[in-house]
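Chain residues, written in single-letter form:
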Amino acid sequence: MGPAGDARVKIILPPELPASQITPEPVYRARRQLMGLGLASPLLALAGCAGADDGGDAAAPGAPAGAGAAGGGAEELTRFEDATSYNNFYEFGTAKTDPARYASSLEPAPWSVVVGGEAELTGTFPLEDLLAITAAQDRTYRLRCVEGWSMVIPWQGLPLGEVLRHFKPTSRAKYVAFTTLADPRQMPGLRYPSINWPYREGLRIDEAMHPLALLATGMYGKPLPNQNGAPLRLVVPWKYGFKSIKSIIRIDFTEAMPPTSWNQLQPEEYGFYSNVNPDVDHPRWSQRSERRIAGTASKLFAERIPTLPFNGYGEQVAGLYAGMDLRKWF
Ligand SMILES: Nc1nc2c(c(=O)[nH]1)N[C@H]1C(S)=C(S)[C@@H](COP(=O)(O)O)O[C@H]1N2
Ligand SMILES: [Mo]
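Residues numbered from 1 in each chain as written. Chains lettered and ligands numbered in written order. Predicted model: local features only at pLDDT ≥ 70, side-chain atom pairs only at ≥ 80, totals over all residues. Heavy atoms only, no water.

1. Remarks on the site of ligand 1
Then, number 1: Near ligand 1 there are 15 residues, and of these Asn-87, Tyr-90, Glu-91, Arg-233 and Lys-246 occur at the shortest range.
Then, number 2: In the model, an oxygen atom of ligand 1 is placed 3.0 Å from a nitrogen or oxygen of the Asn-228 side chain.
Then, number 3: A distance of 2.5 Å separates an oxygen atom of ligand 1 from a polar side-chain atom of Arg-233.
Then, number 4: In the complex, 98% of the free accessible area of ligand 1, which totals 540 Å², lies under the protein chains.
Then, number 5: Along the lines of polarity and charge, the residues of the shell around ligand 1 split into 6 nonpolar, 6 polar and 3 charged. (Near = heavy atom within 4 Å. Polar contact = N/O pair within 3.5 Å; in protein donor to acceptor, adjacent residues only side chain to side chain. Areas by Shrake-Rupley, 256 points an atom, 1.4 Å probe, with all protein chains shown as cover. Nonpolar A, V, L, I, M, F, W, Y, C, P; charged D, E, K, R; others polar.)

2. Observations concerning the nonpolar core
Then, number 1: Judged by nonpolar contacts, the single largest core of 75 residues is most densely connected at Trp-155, Leu-160, Phe-178, Leu-234, Trp-238 and Phe-253.
Then, number 2: Ranked by residue count, the leading element in this core is strand E4 (residues 149-159), at 5 residues.
Then, number 3: Residues contacting Phe-178, with those up to four places away along its chain left out, are Leu-160, Tyr-199, Arg-200, Glu-201, Gly-202, Leu-203, Leu-234, Ile-245, Ile-248, Arg-250 and Ile-251. (Core = buried A, V, L, I, M, F, W, Y, C linked by side-chain atoms within 4.5 Å. Buried < 20%, exposed > 50% of the residue type's maximum accessible area, 1.4 Å probe, protein only. Helix = DSSP H or I, 4+ residues; strand = E, 2+ residues; numbered from the N terminus. Contact = heavy atoms within 4.5 Å.)

3. Focus: the pairing of strand E10 (residues 248-254)
Then, number 1: Where strand E1 (residues 112-117) lies against E10, 4 bridges are found, and the strand directions are parallel. Each bridged residue has a counterpart across the sheet, and for Gly-117 the counterpart in E10 is Phe-253.
Then, number 2: The sheet contact formed by strand E5 (residues 175-180) and E10 spans 6 bridges and is antiparallel. Bridge pairing in E10 places Ala-177 opposite Asp-252. (Pairing = 2+ DSSP bridges.)

4. Quick word on the packing of aromatic side chains
Then, number 1: Inspection of the entire model under this criterion finds 14 aromatic pairs.
Then, number 2: Consider the rings of Phe-242 and Tyr-270, whose centres lie 5.4 Å apart with planes at 80 degrees: the pair is edge-to-face. Of this pair, Phe-242 sits in the loop between strand E9 (233-235) and E10 while Tyr-270 sits in the loop between helix H9 (261-265) and strand E11 (289-293), placing them 28 residues apart in sequence. Accessibility classification places Phe-242 together with Tyr-270 in one group, the buried group.
Then, number 3: Over the ring of Tyr-313 we find Arg-142; its NZ or CZ atom is 4.6 Å from the centre of that ring.
Then, number 4: The ring of Phe-272 has Lys-243 lying over it, and the distance from NZ or CZ to the ring centre is 4.3 Å. (Phe/Tyr/Trp six-rings, centres within 6.5 Å; stacked < 30°, edge-to-face > 60°. Lys NZ or Arg CZ within 6 Å of the ring centre and 35° of its normal.)

5. Looking at unusual backbone geometry
Then, number 1: With omega at -5 degrees, the peptide bond leading from Trp-197 into Pro-198 counts as cis.
Then, number 2: With an omega of -5 degrees, the peptide bond running from Ala-230 to Pro-231 counts as cis.
Then, number 3: Positive phi outside glycine occurs at Tyr-220, with the angle close to 50 degrees.
Then, number 4: Its place among the elements puts Tyr-220 in the loop between strand E7 (214-219) and strand E8 (222-223).
Then, number 5: With a relative accessible area of 4%, Tyr-220 lands in the buried category.
Then, number 6: Notably, Asn-311 is not glycine yet its phi reads approximately 60 degrees, a positive angle.

Structure (structure tokens):
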């Protein structure tokens, strides 16, 4: 890390809540049991994906916001207002309110995506061509920020794997790298070295091909708001939120593990995999529980609930990591 590194360290992802606000252990275990008992319906409804290609949740395509899409009302949806006003999108500033405030300068159309690297079909593709590769689906997914809050959002988007397969990755394609737009004219946050711009993320190719991974184009039945990553972003619901990279302009198939922004910034804190894991603390705070911003709960004092391994999607994705020590490969 260069000389700028020291300045950066201070502003990244501070823990938001004092330990005193975290539910004490016994209460928490009781809740976990309750959740265990009631698990089947909400989790099935949310993950929607016991069968590999059934990504559907209870919501009909284009269902109105908050229409019980999380299934049986067991896990409430985050309100549209909260999902669009409490965001991380450092290209527009590091405060949670900055993206909603400043992202109107982002121009999501026209948009194109460069596809490169280890694939038979590469080049620059207008967004419309990408969207024609396969049909959009509805997927209500939880997204948990590494900072300890989570939301339940009805997304619309294309299964990432179906899009990637269209480009015919070669046998050398072991990873997929994603890059966000970095245009200082549209993104005032680029002035600050909070991140080594452009924002970059990556997945191992089998993770990227997993049917739960979504290339989102909309939420709550509307096109993605700018602050949520218009016009195209990832949603990888079993990983911490920062893996769900926004406003993607480049997708590269690579043989080597690609560099990713948060990992480059603080490798001891943010691993390449970053699967949600309550048993692996962040060096500066626990990951055992989360503040669920949903329903009418206020953003700052929402109930804390236990965080589940793989954010509750373990049944679907744990197999990707069979034999891996998840404490080492955090
Ligand atoms: N390009 C880019 N993508 C990003 C971020 C960012 O700062 N820049 N923040 C990440 C983090 S930390 C989270 S928690 C999610 C938040 O997504 P949301 O605002 O739609 O809830 O976006 C992720 N994607
Ligand atoms: Mo996050």
